[in-house]
Amino acid sequence: MSVRTAARAVDVSAERGLSRSVALLRAFAVEQTAPEIFYGALAADSVRLVEDYTNLSGRKVLDVGAGPVQFAHAFAERGAFYIGVDADERAVGVSDMAGTTAIVAQGERLPLRPASVDVAFSSNVLEHVRRPSVLTDEMVRVTRPGGLIMISYTNWLSPWGGHETSPYHYLGGRRAIDRYARKYGRPPKNQVDTNLYRLSVAAGLRLARAQQGTDLLDARPRYYPRWARGLVRVPLVREFATWNLLLVLRRR
């Protein structure tokens, strides 16, 4: 697939329902070969996801575990003031656009004042945190009353739970790592129990429901149409079928 063809294949700007899901799956297929296309599609979808719940114009948005510069551009273009935070300086997309800034910091120790942002957003980070509750507590702390906390993560038993070692993580996390190293001659970036943790859908739901000072507004598979939210209510099935869980909370 050429870069131009890939770009057309993963355009999510006008996609909803199943068409959106297919477009996002195509984006995942070019993550390694055309990352600018992958991250552009994911950033555009992230903006639309937030706009399903709130207007972005004039809002201060915190992106914990910030993606590349495409995320800063996508949020700023919708009128938001974007704050990207990541522990890795190389991972923070630096933008020259007005209304964007980047901070190098741990998500578990955010260098922001309490109640200082309108939206705290985190995409595909929670499964990489040893203590997820610490990260969510910090996101709630910096969100103003009435603001939103939006967290999505890839659950361990989903088809992509092992990330680049998938689907061999179903045979065991260590076996998946060893197989990847043999095939590619290097260890995978994401290694279970080191920087990738076995976070389930059930654990994420418990965490969200127990979060003090918030109300859980929504819990659904992020990459599926809204009508698929019923999957989250079916134990065991949800662990394999959800793929990526979206949690939306409102700060009281």
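Residues numbered from 1 in each chain as written. Predicted model: local features only at pLDDT ≥ 70, side-chain atom pairs only at ≥ 80, totals over all residues. Heavy atoms only, no water.

### Notes on the overall build of the protein
Next, step 1: Of the regular secondary structure elements, the protein holds eight helices and seven strands.
Next, step 2: For the protein, the computed accessible surface area is about 12100 Å², with 52% contributed by carbon and sulfur atoms. (Helix = DSSP H or I, 4+ residues; strand = E, 2+ residues; numbered from the N terminus. Areas by Shrake-Rupley, 256 points an atom, 1.4 Å probe, with all protein chains shown as cover.)

### A few points about unusual backbone geometry
Next, step 1: A cis amide bond links Ser166 with the next residue in sequence, Pro167, at an omega value of 0 degrees.
Next, step 2: Topologically, Pro167 is positioned in the loop between strand 5 (143-154) and helix 6 (173-184).
Next, step 3: At Ala115, a residue that is not glycine, the phi angle is positive and equals roughly 55 degrees.
Next, step 4: Among the structural elements, Ala115 can be located in the loop between strand 3 (100-104) and strand 4 (117-123).
Next, step 5: On the basis of relative accessibility, which here comes to 38%, the residue Ala115 falls in the partly exposed class. (Buried < 20%, exposed > 50% of the residue type's maximum accessible area, 1.4 Å probe, protein only.)

### A word on helix 5 (residues 132-141)
Next, step 1: Of all the positions in helix 5, only Pro132, Leu135, Thr136, Glu138, Met139 and Val140 are classed as buried.
Next, step 2: On its buried face, helix 5 sits against strand 1 (60-64), strand 4, strand 5, helix 7 (201-210), strand 6 (214-221) and strand 7 (244-251). (Contact = heavy atoms within 4.5 Å.)

### Topic: the sheet that holds strand 4
Next, step 1: With mixed pairing, seven strands are arranged side by side in an open sheet as 3-2-1-4-5-7-6. What marks the edges here is a single partner per strand, and that holds for strand 3 and strand 6. For this sheet, the mean angle separating the axes of adjacent strands, direction not counted, is 15 degrees.
Next, step 2: By the bridge criterion, three bridges tie strand 1 to strand 4 in an arrangement that is parallel. When the sheet's bridge partners are listed, Leu62 is paired in strand 4 with Ala120.
Next, step 3: Against the sheet, helix 4 (residues 69-77) touches strand 1, strand 2 (81-86), strand 3 and strand 4, its axis set at about 160 degrees to strand 2. (Pairing = 2+ DSSP bridges. Axes fitted to C-alpha atoms, helices over the stretch in contact; angles between N-to-C directions.)

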